[in-house]
Each structure stands twice: as C-alpha cells, then as structure tokens.
Amino acid sequence: LSGCASANSLARRGWQVVLLERHERLAKEASGNPQGVLYLKLSAHGTTLSQMIVSGFGYTRRLLEHLQRGRDWDDCGVLQLGFNAKEAQRQAQLAGAFAPALVHVLDQPQAQALAGIELAQGGLFYPEGGWVHPPALCQYQAMHPNIQVLTHHDVLQLNNVDNQWQACDGERVLASAPVVILAGAAEVKRFPASSGLPLKRIRGQITQLVQTEHSAALNTVVCAEGYVAPGRLGEHTLGASFDLHNDDVTTTPAGHQGNLDLMDEISPQLSSLFGEQLDPAQLQGWAAFRCTSPDYLPIVGPLSDPEAFASTYAVLRKDARQVPDTPCPWLHGLYVNSGHGSRGLITAPLAGEMLAAWINNEPLPVPRAIAEACHPNRFALRALIKGL
C-alpha cells in the first residue's frame, strides 16, 4: 500500500517511477489481506493521530471511487460495538467531538436493524466506512503509465554513486535514480540509513469463511475486539489476531480459533450463520506482519545520516531548549514511507501525497504539525533530548 501510493503520487506529477517488488506480484504480504476494514480509530481529544486519520480517511474514500464497488470495496459502514460501560462512555464522548456524518451512536435496536444480525448492544457507526480489497487498490495505483513494476527484485543494499542511488541485490544493480522511497514495512531496517528506526513487526492472522444463505444477512462490518465483514465474492473475512512472538506467516488452527472467539464476542449468533464449517483445523486464511512505530504514527519523510545527525545536534543532550541553526545532514533523495500498522488503508495513500509534496517542493497536503509528527527524525531528536 505505501509503495504503490508513493509511486502513484509521483507518477501523477510526471515522474518516471520504477517499483521494485521482491515477490512475483504486488501485495503479497500485509497488503494482500482479502478484506481490510476502512474505519477511523479516533480520539475525542483532537490528537495529531486523529487529525491524520480524518484527513487520510477522506483522501482514501475519494480514491476508492475509481474501483469497482462490491468487488474491490464497499461502503457498507462500520459498526463498533460498545461492549462495556467504559467503552460506551468513550464512544459517547467521541460522537460528541465529530460530525454525525462521520460517526454517530446507535442504540441496540438501531444497531441490530442496521447490521442484520442479533446484537447485545449498540455502538458507534461510521456510515462512510466499510471494507476494501487492498490488492485492488495497489493494482489501481501501480497501473499508471509512468510506473514500471519489476517483480522478483529484492533490494539488499543501497549505494550512492555520483548523486544517484543504486538499488542492488549484491553485485547486480537493479535500478538507479536520484530519488528513492523505502516502503518495505519493517524490511527498511536492512539499510543503514533507516536501520535505527524503531519499527516493530506484529503478526496478524485473518480467517476466511464461506458465505452462506444465512450469513448473507450481515449488512455492515461489525467490530468489537475483532471484526467480521460482509461477504466479498462469496467469502467473509474474520479477524484479526495480534501476535508479537511469532515470526511464521503460516496460518495456524490456534489463530483461527482465536478469530472464532473474537467473532463470538461480537455476537454469539454469528457462529450459527456459518453452519458446519467452523473447524479451525480446516479453515483457510491469511497471515502477515503489520509494521508499527512506538507512537502509532507512520514514519514518512526524508532521511538524514544517523551518525551525522547525532553529532550535529549533540548540544541538545545538554540543553533541549537550544535551537541549532546548523543545516540537517540529509541523505539527499532518500525517503521513507513505513510504520502504518493496521491503518495503512487510511494513512498510506495520504503519506504518498505528503512525500510527493516534499520531493516536488509543493505545499504539504496536511498541517505542518502532522508532517512533523510523522517525520523520521522525531525519534533521533527525542533520543538526543533524553541524553541517550
């Protein structure tokens, strides 16, 4: 998602882009989820993350209008259940902080009528939310005539030769250009310039359930701790697990059982809609790694030389109030777009626009505070101020 978004944003501005993909096709890892949920995990307190999510949601929704509704995406809405008193109170505050067209509270009868299944409680409803088939969005963005996709190209190292970046897989130069965007999730840590970014991989597994005559009654995405989406091409998606201690992308029966348990928390009636197909050992699904940052904001922007940055601004270790006037030691032409976690459908396309604006010296498409909050240098700066 982040690579295709970055490529598309530059291609639309006239750049000739080479998209290097290590697999045989695009969206083979976390962006290959058959159904991703498009909804806004917001805060009532106007945080920078909430501001970015609202901006990104609007941008992605406009982008999705180019895809085929029902096959590639559907704005069926997203219902987030108020599963206990504390959550219901949080939801009421949230609904009061945003426009009803974006999110509003439904009571239990309203929520049940809308969802089409039995529910024990109401919750927050995002009427413009829904589900997206992420590979379709990736393919649409990569189809621009200014983009060349090279599959089976795994970049192992980057070299800068005569102001050109060379992407290599050993002795072989795969591509060279004055500008490079690293958009390989946590794999960007393989390169020295981005090796210090605090990116963390979190394994997620989803479960696919064959749509039945009864499960077709589900009209909207319903979420509690997990989620279940209405059918796409005869299959529902159910998920998703969070596993910090598993590096294997093979789906497991235990992962499927965990997803079935999440479904039961949404509504005990849901299991009965799927008949006899709920044996975890027989279920199909998808597993991949989300890539997150410590502050849950994506990491988007130009990269500097890590050692030179620490040396240039060493004075901040002694006095954080200093405002050094020394230019930043940028690695000119090197950028990153990563750390989108489970929000990539909302934040990655907007991040592509942010990068294109930086590279083309255009006004940024977000307030400066959001761009600074996403900047790769934020972690190195915090480390200096803390005296690390």
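This text follows the structure it describes.
Analysis parameters
- Residues numbered from 1 in each chain as written.
- Predicted model: local features only at pLDDT ≥ 70, side-chain atom pairs only at ≥ 80, totals over all residues.
- Heavy atoms only, no water.
- Helix = DSSP H or I, 4+ residues; strand = E, 2+ residues; numbered from the N terminus.
- Rg over C-alpha atoms; globule rule 2.2 N^0.38 Å.
- Buried < 20%, exposed > 50% of the residue type's maximum accessible area, 1.4 Å probe, protein only.
- Contact = heavy atoms within 4.5 Å.
- Lys, Arg positive; Asp, Glu negative; His and termini not counted.
- Charge placed at Lys NZ, Arg CZ, Asp CG, Glu CD.
- Axes fitted to C-alpha atoms, helices over the stretch in contact; angles between N-to-C directions.
- Parallel < 35°, antiparallel > 145°, perpendicular 65-115°, else oblique.
- Left-handed = near helix turned anticlockwise from the far one by under 90°.
- Nonpolar A, V, L, I, M, F, W, Y, C, P; charged D, E, K, R; others polar.
- Pairing = 2+ DSSP bridges.
- Phe/Tyr/Trp six-rings, centres within 6.5 Å; stacked < 30°, edge-to-face > 60°.
- Lys NZ or Arg CZ within 6 Å of the ring centre and 35° of its normal.
- Core = buried A, V, L, I, M, F, W, Y, C linked by side-chain atoms within 4.5 Å.
- Disulfide = S-S within 2.5 Å.

Draft legend 1. Quick peek at the overall build of the protein. Of the regular secondary structure elements, the protein holds 11 helices and 19 strands. Its C-alpha radius of gyration of 22 Å places the protein within 12% of the 21 Å reference for a compact globule of 388 residues. With the C-alpha coordinates aligned to their principal axes, the bounding extent of the protein is approximately 65 × 45 × 40 Å. Taken over 388 residues, the protein has a buried fraction of 50%. A separation threshold of at least 6 residues defines the contact pool for the protein, and within that pool the share at least 24 residues apart is 74%. Distance between charge centres in the protein, computed from 28 positive and 35 negative side chains, equals 7 Å.

Draft legend 2. Examining the packing of helix α1 (residues 2–11) against helix α5 (residues 134–142) more closely. In contact at an axis separation of 8 Å, α1 and α5 are set at 25 degrees when each is read in the N-to-C sense. If you check the angle between α1 and α5, you find them roughly parallel. Seen from above, α1 lies across α5 with left-handed handedness. Every residue of α5 that contacts α1 at Cys4, Ala5 and Asn8 is listed here: Cys138, Gln141 and Ala142. When its residues are assigned to classes, the contact of α1 with α5 shows 4 nonpolar, 2 polar and no charged.

Draft legend 3. Layout of the packing of helix α2 (residues 48–64) against helix α9 (residues 344–360). Contact pair α2 / α9: the axes reach a minimum separation of 7 Å and the direction vectors enclose 90 degrees. Between α2 and α9, the interaxial angle falls into the category roughly perpendicular. On the side of α2, the interface is formed by Met52, Ile53, Ser55, Gly56, Phe57, Tyr59, Thr60 and Leu63, while α9 contributes Leu345, Ile346, Thr347, Pro349, Leu350, Glu353 and Met354. For the contact of α2 with α9, the per-class residue count stands at 10 nonpolar, 4 polar and 1 charged.

Draft legend 4. Geometry of the sheet that holds strand β2 (residues 36–38). Spatially, 3 strands are ordered β2-β7-β3 in an open sheet, and the strand pairing comes out antiparallel. Each edge of the open sheet is held by one strand with a lone partner, namely β2 and β3 (73–74). Sheet topology places β3 next to strand β7 (residues 130–132); 2 bridges connect them, and they run antiparallel. Each residue of the ladder has a partner; that of Trp73, found in β7, is Val132.

Draft legend 5. Representation of the packing of aromatic side chains in the model. Enumeration according to the criterion identifies 2 aromatic pairs in this entry. Ring centres of Phe309 and Tyr313 lie 5.0 Å apart, and the angle between their planes is 70 degrees; this geometry places the pair in the edge-to-face category. Comparing Phe309 with Tyr313, the two get one shared label, buried. A cation over an aromatic ring shows up here: Arg201 above the ring of Phe289, its NZ or CZ 3.9 Å from the ring centre. Above the plane of the ring of Phe242 lies Arg290, whose end atom (NZ or CZ) is 3.6 Å from the centre.

Draft legend 6. Region of the structure containing the pairing of strand β13 (residues 200–210). For β13, a buried count of 8 out of 11 residues is recorded, marking the element as mostly surrounded by other parts of the structure. Sheet topology note: the β13/strand β17 (residues 284–292) ladder contains 9 bridges and is antiparallel. Following the sheet pairing, Gln208 is matched in β17 by Gln284. Of the strand pairs in this sheet, β13 and strand β16 (residues 235–239) are connected by 4 bridges, and their pairing is antiparallel.

Draft legend 7. Region of interest: α5. In terms of burial, α5 is a largely internal element, 7 of the 9 residues being buried. Regarding α5, the residues found buried are Pro134, Pro135, Ala136, Leu137, Cys138, Gln141 and Ala142.

Draft legend 8. Highlighting the sheet that holds β17. Read across the sheet, 8 strands follow the order β5-β6-β4-β14-β15-β16-β13-β17 without closing on themselves; strand pairing throughout is mixed. Strands at the two margins of the open sheet, each flanked by one partner only, are β5 (104–106) and β17.

Draft legend 9. Structural view of the nonpolar core. Ranked by size, the top nonpolar core spans 59 residues in total, and within it Leu42, Tyr126 and Val221 carry the most contacts. Counting residues per element, this core draws most heavily on α9, at 9 residues. If we ignore the near neighbours within four places in the chain, the residues touching Tyr126 are Tyr39, Leu40, Leu42, Gly77, Val78, Gln80, Leu94, Leu102 and Val103. Within the second largest apolar cluster, 22 residues are counted, among which are Leu119, Ala224, Leu270 and Phe274.

Draft legend 10. Expanded view of the side chain of Gln35. Tracing the backbone through its elements, the reader meets Gln35 in the loop between β1 (17–20) and β2. Those residues in contact with Gln35 that sit more than four places away from it in its chain are Trp131, Val132, Pro134, Tyr227, Ala229, Pro230, Gly231, Arg232, Glu235, His236 and Thr237.

Draft legend 11. How the structure looks around the environment of Ser50. Position of Ser50 relative to the elements: it lies in helix α2. Along the backbone, Ser50 and Ile370 are 320 residues apart, and their C-alpha atoms lie at a distance of 9.8 Å.

Draft legend 12. Geometry of unusual backbone geometry. Between Gly239 and the following residue, Ala240, the backbone shows a cis peptide bond with an omega angle of -10 degrees. Topologically, Ala240 is positioned in the loop between β16 and α6 (253–266). Phi is positive for Ala27, close to 60 degrees, though the residue is something other than glycine. Assignment of secondary structure puts Ala27 in the loop between β1 and β2. Although it is not a glycine, Tyr296 sits at a positive phi angle of roughly 70 degrees.

Draft legend 13. Structural view of the state of the cysteines. Tallied over the full model, the rule gives 0 disulfides. As a non-bridged cysteine, Cys4 has Cys138 as the owner of its nearest cysteine sulfur, 4.3 Å distant. Residue Cys76 stays outside any disulfide, its sulfur separated by 9.9 Å from that of Cys223, the closest cysteine. By relative accessible area, which is 15% here, Cys76 ends up buried.

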